[in-house]
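Structural description and commentary
Spelled out, the chains give:
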Amino acid sequence: MRKLFRRMIDTTKDEQFMHLIEKVEVIVSKVLSLFMVLVILVAIWDLGVFLLRELFTAPYGKFNSILFKVFGLFLNILIALEILENITAYLRKHVVQVELVIVTSLIAVARKIIILDLEKVSGIDIIGLGIAILALSISYLIIRFSNSRN
């Protein structure tokens with residue numbers, strides 16, 4: 001009887017500890033969400049300042065180089081929004097959604113390729129980015145296929 005009582009007390013302590021951990025996870029996720037919103041707002045401000053400063057004052061012929069920087073800034077904001085979506089999805093379901101993480105990673109690699117300066121990058125770097133996109137794409141297809149079967 002005594003063993004059973006101790007086991008029940010230990011189980012209660014474990015449950016209380018796990019409940020405390022869950023509360024901490026929720027608080028951390030909420031703080032991260034707020035910080036990510038702040039990052040997104042600052043990034044939008046930075047994009048606006050950049051657009052006003054660079055696009056309208058750029059000398060003729062420099063628009064193409066500025067355009068790649070603008071695309072990079074837009075994709076930075078999109079990546080930040082995806083990260084915010086990952087955090088809020090975690091807050092809703094308390095599960096990291098791997099599909100969202102892979103999509104965010106694909107956007108990040110695509111951003112890297114879009115702003116890539118081919119004169120400054122070696123062939124091995126381009127091959128590495130290609131392998132990363134292939135691996136992420138295959139992972140995404142596997143997860144989509146497995147989710148559609150369930």
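In this report, the structure presented in the accompanying data block is examined. Everything numeric in this text was worked out from a predicted model, so none of it was measured.

Structurally, Asn76 is set in helix α2 (residues 63–93). With a relative accessible area of 32%, Asn76 lands in the partly exposed category. Placed 35 residues apart in sequence, Asn76 and Arg111 show a C-alpha to C-alpha distance of 7.8 Å.

Side chains of Phe17, Met18, Leu20, Ile21, Val24, Val28 and Leu32 sit close together on the surface and give an oily, nonpolar patch of about 600 Å² of accessible area. Note on placement: Ile21 falls in helix α1 (residues 2–55). Under the relative-accessibility criterion, Ile21 is labelled partly exposed at 31%.

The next thing to look at is the packing of helix α3 (residues 98–114) against helix α4 (residues 123–149). Look at α3 against α4: their axes get within 10 Å of each other, and the N-to-C directions meet at 155°. As summarised for this structure, α3 and α4 are arranged roughly antiparallel, according to the angle between their axes. Between α3 and α4 lies a crossing of left-handed hand. Listed contacts from α4 to Val98, Glu99, Ile102, Val103, Ser105, Leu106, Val109, Lys112 and Ile113 of α3 are Leu129, Ile133, Leu136, Ser137, Ser139, Tyr140, Ile143, Arg144 and Asn147. Considered class by class, the residues forming the contact of α3 with α4 number 11 nonpolar, four polar and three charged.

The rules behind the values
- Residues numbered from 1 in each chain as written.
- Predicted model: local features only at pLDDT ≥ 70, side-chain atom pairs only at ≥ 80, totals over all residues.
- Heavy atoms only, no water.
- Helix = DSSP H or I, 4+ residues; strand = E, 2+ residues; numbered from the N terminus.
- Buried < 20%, exposed > 50% of the residue type's maximum accessible area, 1.4 Å probe, protein only.
- Patch = residues over 30% accessible without salt bridge, like charges linked within 9 Å, V, L, I, M, F, W, Y side chains within 5 Å.
- Areas by Shrake-Rupley, 256 points an atom, 1.4 Å probe, with all protein chains shown as cover.
- Salt bridge = Lys/Arg side-chain N within 4 Å of Asp/Glu carboxyl O.
- Axes fitted to C-alpha atoms, helices over the stretch in contact; angles between N-to-C directions.
- Parallel < 35°, antiparallel > 145°, perpendicular 65-115°, else oblique.
- Left-handed = near helix turned anticlockwise from the far one by under 90°.
- Contact = heavy atoms within 4.5 Å.
- Nonpolar A, V, L, I, M, F, W, Y, C, P; charged D, E, K, R; others polar.

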